[in-house]
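If you want the building blocks of each chain, they are given just below.
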Amino acid sequence: MGRGVLLTSNLPQLQNLIKRDPTAYKEEFLQQWNHYNSIRQIFQINPDENAQHFRELVAFIAQVSQCYPKETVDFPSQLSTLLLESYGTLSPDTRRSLVQNLVMLRNKDVITSITLLQTLFPLLPKTTSSTLRGFIRKTILSDIRTANLRTKNHKLNRAVQAMLFGMVERGMDGEVVGDKGKLKAAAGPGHNGEEAMWAIVLTKELWRKGIWNDAKTVSIIALGCFHPVVKVQSASLHFFLGSDDEKEDSDDEEEDLPNVRALQHRREINKKTRSGDKKLQKMAKSVKSKRKKRADAITANFPAIQLLNDPQTFGEKLYDILNKYDKRFSLDHKILLMQLLSRVMGGHKLCVLGFYTYIMKYLVYHQLRIPAILVALAQSVHDFTPPDALTPVVRKLAQEFVHPGVGSEVIAAGINAIREVCRRQPWSMEEDLLGDLIEYRKSRDKAVTAAARGLLQLFREVNPGMLKRRERGKEAAMGIVKGSQPLPFGHSAQAAVDIEGLLLLEDHLKKLREEDGVVSGEEEEDDAAAWEGWDVESDSDAESSDGWVSVDSDSDNDVEISDSEDEDGNLKRKKKGKSKRMAAEEDADKDEDMEADKEETAEEAVQRISSLATSKILTPADFALINDLRVKAATEAVERGGGSGTKRKLAMLESQRKILANGDTSLAETFVSEEDILGPRKKTKADYAERVASIEKGREGREKYGSLKGKKNKAMPSSSTNREKARNKPIMMIIASGAVKGKKKASLRQKQRKLRAHIDKAKKAYH
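Residues numbered from 1 in each chain as written. Predicted model: local features only at pLDDT ≥ 70, side-chain atom pairs only at ≥ 80, totals over all residues. Heavy atoms only, no water.

**A closer look at the overall build of the chain**
The number of helices and strands found in the chain is 37 helices and zero strands. Relative to its full complement of 767 residues, the chain shows a buried share of 33%. Contacts in the chain between residues at least 24 apart in sequence constitute 69% of all its contacts with a sequence separation of at least 6. (Helix = DSSP H or I, 4+ residues; strand = E, 2+ residues; numbered from the N terminus. Buried < 20%, exposed > 50% of the residue type's maximum accessible area, 1.4 Å probe, protein only. Contact = heavy atoms within 4.5 Å.)

Written as structure tokens, this is what we have:
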């Protein structure tokens, strides 16, 4: 066979030779390159002609293009142009071949990731093949993940995010179609929003895998919340609400992991070898690492709602869509919008006052999905919400849900909803209404009683002055006697001075520093720690002496305090000769001195906390340590006999620590659930249909009821044999049978014949 015949008829062999020695076979490659250009021009005119030969040439050039980069510099752009401009006229095999060759060029670093993604992104909405669509999606996600594996590739991320923004923005000018009514039926195929939908799906997948977790990613999906196509809106809303059920489409990480317990059980049964033990240990280790990686990838680093850019504008736009297109959306979609708007309002403490006017028309007990609507109402309230906007809502809830004409579950849901609203804004409650609602604690229904008691306990804590004297409780009554009153709306007790629990951290660090000094001696002392100690001492000396001398009024007060202390000391020696009135005055002076000392220690504590906060950058580990120290201090306070308030504080701290330990930083844990609104419910008695359904469900996967005697191993159903029946006869029937009586009456000769026949038969059975 000649060389030319070999090269023209066997491209794989030429490909092998070129990879071994590119320089020697450059002429043969140029011949095939010119042949490819001519075939490509013919193929653009008539895609059905020589399609198989064209695919073979494209695969050949893609394999050897890295050997001749100058000659094939236009090859990737030619494939991209052919895919983007002539995609509809290409056959499915040609499309798949061109895409695979482009991916191969990326794997060989012939083209960049941006070039590949610029070609693949427009193909997703166009392709109708599920296989090719899945391949393109997997390629896009794996390429972005590989680029961000070690460090963030900001250049690629910015370029891809810009493309995704463009895909979403291109459909924003359309009319809002909605998911019900005439507009949905009249909407043509151009209103499906496939391009924007793919942009949202890919962005959500990249967020879920932990590849992207910045504010730009959230901005792409936030833009999708205002898209005119409902399914794009719904996908974006589900992302923020954390209710995605789309994990069945995950790519390379969705393979089933081996069952370690089954492998261990098999290992116990099979032959024991050292190599088998090593393989089992290696398998268990790899499964554990894969599960950890998957968990780290799924857990988001930052909650998406907290990363919203300009949440006030975002919330107002959501309300505008909800109010303007109310009749075009179904109830389920409107509830999604309400839930997201309420979470944004509660998370960022926003005031979208029109939302409360809008939601009042849905606050009736016979409304479908009313628990979800009540949850959205409660989540939207915060301590900055004006009480004037909430008072009509609370009054409407009481009028519609809490009256004798409805069931106990409705009353419990209404009182629980009012309690959740008042927990966030207590000033929205009216005193007369509160008295009427609290009377329901005498109800016979458990759920209603629990709801009314919860409302009563809430106002004992936040504003006991609205309760009657006999309903306030011991602690609240003592607080009112002492003069403690809740602050009106818009007032704050004092400015934020420190971080709660920072004093505990400072004491803990000081104790550790002292222990380290005792253990290691004074041989190697930390210079920074010594300098901080010197600073603290100098500050304390300055406060005790020079800091007060420079101010005249303070110095006079100091002199007076010191004189009063001396007089107290002299009065102690002459205590027996004084009257009761003088003793009472002396006790009052002592109390004042003790209060002054407490104030001074409190001021010193504040100064210590502020100095630690300004001299040390607190890390996440420090905040975790603060939480542990707060839990420890609360536990000690409960053990010393603290009241119910101390126990509630301990329970709250433990729940916060549990949330942080699980790594669940999503806002879903901090918001209200439907169970909080419905309250405890007793299980209702099932009706006939439910009982029959439960019985049928229990019969699934079991054999049919009835006797299986004589039918287990037979193809045709039949009864049992006579031998089987005789085996199960009662003993008294067998004794009275003719066969048994005949055996008893048999002669010796008859018994010998039977025995001989049995022996002969047994001998013949073995031959």
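**Here's the deal with the side chain of arginine 343**
Mapped onto the secondary structure, arginine 343 falls in helix H17 (residues 331-348). At 3.4 Å, the side chain of arginine 343 and the backbone oxygen of leucine 241 are in polar contact. (Polar contact = N/O pair within 3.5 Å; in protein donor to acceptor, adjacent residues only side chain to side chain.)

**Let's talk about unusual backbone geometry**
The backbone of aspartate 109 sits at a positive phi, close to 60°, despite the residue not being glycine. Residue placement: aspartate 109 occurs in the loop between helix H6 (92-107) and helix H7 (113-126). Despite not being glycine, arginine 369 shows a phi value in the positive range, around 55°. You can see arginine 369 is positioned in the loop between helix H18 (354-359) and helix H19 (370-380).

**Overview of the nonpolar core**
Ranked by size, the top nonpolar core spans 81 residues in total, and within it Phe240 and Met429 carry the most contacts. Discounting residues that sit within four places of it in the chain, methionine 429 has contacts with Val394, Ile418, Cys422, Leu434, Leu437, Phe459 and Met466. Membership of the second largest hydrophobic core comes to 62 residues, among which are Phe29, Phe54, Val64 and Met197. (Core = buried A, V, L, I, M, F, W, Y, C linked by side-chain atoms within 4.5 Å.)

**A short note on the confidence of the model for the chain**
Taken over all residues, the pLDDT of the chain has a mean of 79, while the share at 70 or more is 77%. Here residues 245-255 scores under 50 on pLDDT; set against residues more than four positions off or in separate chains, the count is 21 contacts. (pLDDT = per-residue confidence, 0-100.)

**Examining the packing of aromatic side chains**
In total, this model carries 15 aromatic pairs according to the counting rule given. Seen from their ring centres, phenylalanine 29 and tryptophan 33 are 6.4 Å apart, and the 25° between their planes marks the pair as stacked. Here phenylalanine 29 and its partner tryptophan 33 are both found in helix H3 (residues 26-45), four residues apart, which amounts to about one turn of the helix. We classify phenylalanine 29 as buried; its relative accessible area is 0%. Relative accessible area serves as the criterion here: at 10%, tryptophan 33 is assigned to the buried category. Considering the side-chain rings of tyrosine 36 and phenylalanine 75, the 5.6 Å spacing of their centres and the 70° angle between planes classify their relative orientation as edge-to-face. Note that tyrosine 36 is positioned in helix H3 and phenylalanine 75 in helix H5 (residues 75-85), a separation of 39 residues in sequence. On the basis of relative accessibility, which here comes to 0%, the residue tyrosine 36 falls in the buried class. (Phe/Tyr/Trp six-rings, centres within 6.5 Å; stacked < 30°, edge-to-face > 60°.)

**With respect to the pattern of salt bridges**
Two side chains carrying opposite charge are able to pair once their charged atoms lie near each other. On inspection of all chains with the given rule, the structure shows 21 salt bridges. For lysine 442, the salt bridge identified is with glutamate 439, shortest N-O distance 3.5 Å. Since its relative accessible area comes to 31%, glutamate 439 is described here as partly exposed. Shared partners join several salt bridges into a network, and the residues in it are Arg137, Glu205, Arg208 and Lys209. (Salt bridge = Lys/Arg side-chain N within 4 Å of Asp/Glu carboxyl O.)

**Overview of helix H4 (residues 51-64)**
Helical geometry: 3.6 residues make up each α-helical turn, so side chains three or four residues apart lie on a common side. Taking 1.5 Å per residue as the helical rise, H4 with its 14 residues ought to reach 20 Å, and the 20 Å between its terminal C-alpha atoms agrees with that figure. Most of H4 is tucked away, with ten of its 14 residues classed as buried. When we look at burial in H4, the residues that qualify are Ala51, Phe54, Arg55, Leu57, Val58, Phe60, Ile61, Ala62, Gln63 and Val64. Contact partners of the buried residues in H4: helix H2 (11-20), H3, H5 and H6. (Expected span 1.5 Å × (residues − 1).)

**Overview of the side chain of aspartate 445**
Turning to its location among the elements, aspartate 445 is positioned in the loop between helix H22 (431-438) and helix H23 (446-462). Of the residues examined, aspartate 445 reaches a relative accessible area of 18% and is grouped as buried. Reaching out from aspartate 445, the side chain makes a polar contact with the backbone nitrogen of alanine 447 at a distance of 3.1 Å.

**So, the packing of helix H11 (residues 194-208) against helix H12 (residues 215-224)**
Helix-helix packing is characterised by the crossing angle of the two axes and by the distance between the axes. Where H11 contacts H12, the axes come no closer than 10 Å and their chain directions differ by 145°. H12 is crossed by H11, and the crossing has left-handed handedness. When H11 is examined against H12, the residues Ile200, Thr203, Lys204 and Trp207 are found in contact with a partner set consisting of Thr217, Val218, Ile220, Ile221 and Gly224. Its residues assigned to classes, the contact of H11 with H12 shows five nonpolar, three polar and one charged. (Axes fitted to C-alpha atoms, helices over the stretch in contact; angles between N-to-C directions. Left-handed = near helix turned anticlockwise from the far one by under 90°. Nonpolar A, V, L, I, M, F, W, Y, C, P; charged D, E, K, R; others polar.)

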